[in-house]
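Chain residues, written in single-letter form:
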Amino acid sequence: MGNGAKAAQKRERNAKEAGGKGKSQTKSNEAAKNIICDKCKQAFFVTTRQPALEEHATNKHSKTLAECFPTFGK
């Protein structure tokens, strides 16, 4: 038996023990996006820093940070 077969068997065994549920992070990623641009409604992760938001505001909308993200930092 080759290593590939052993790995496949181990994945199957672990899936049975875990209840067969996938480990998707989609829901947690969507919940982490709570900084939203008021102009275009684009969502940003909570960890997004001010320079990236300022860049979005100036490049996409020719606006200031306060105009696009009035609740940022409050």
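Overview of the structure. On a predicted model such as this, the values are computed, not experimentally measured, just so you know. (Residues numbered from 1 in each chain as written. Predicted model: local features only at pLDDT ≥ 70, side-chain atom pairs only at ≥ 80, totals over all residues. Heavy atoms only, no water.)

### A look at the environment of asparagine 34
Let me state the cut-off plainly: For helices the rule is a DSSP run of H or I covering at least 4 residues; for strands it is a run of E covering at least 2, with both sets numbered from the N terminus onward. Contacts are assigned to residue pairs with any non-hydrogen atoms lying within 4.5 Å of each other.
Structurally, the position occupied by asparagine 34 is in the loop between helix H2 (26-31) and strand E1 (35-36). Through-space distance from the C-alpha of asparagine 34 to that of cysteine 68 is 14 Å; in sequence the pair is 34 residues apart. Asparagine 34 has contacts with Phe44 and Val46, leaving out every residue within four places of it along the chain.

### Here's the deal with the nonpolar core
Heads up, the rule is: For our purposes a nonpolar core is just a set of buried Ala, Val, Leu, Ile, Met, Phe, Trp, Tyr and Cys residues, chained together by side-chain atoms within 4.5 Å. Exposed residues in this analysis have more than 50% of their type's maximum accessible area, buried residues have under 20%, and partly exposed residues fall in between, with area computed by a 1.4 Å probe over protein chains only.
By size, the foremost hydrophobic cluster in this structure holds 8 residues: Ile35, Cys37, Phe44, Leu53, Ala57, Leu65, Cys68 and Phe69. Elements with a contribution of two residues or more to this core: helix H3 (50-61) and helix H4 (65-68). If we skip the residues at most four places from it in the chain, alanine 57 touches Ser62, Lys63, Thr64, Leu65 and Cys68.

### Describing unusual backbone geometry
The residue lysine 41 is not glycine, and still its phi comes out positive at about 65 degrees. Mapping lysine 41 onto the fold places it in the loop between E1 and strand E2 (43-44). Despite not being glycine, serine 62 shows a phi value in the positive range, around 55 degrees. Along the chain, serine 62 turns up in the loop between H3 and H4. A residue is classified by how much of its surface remains accessible, and serine 62, at 65% relative accessible area, is exposed.

Coordinates in, geometry out; function isn't part of it.
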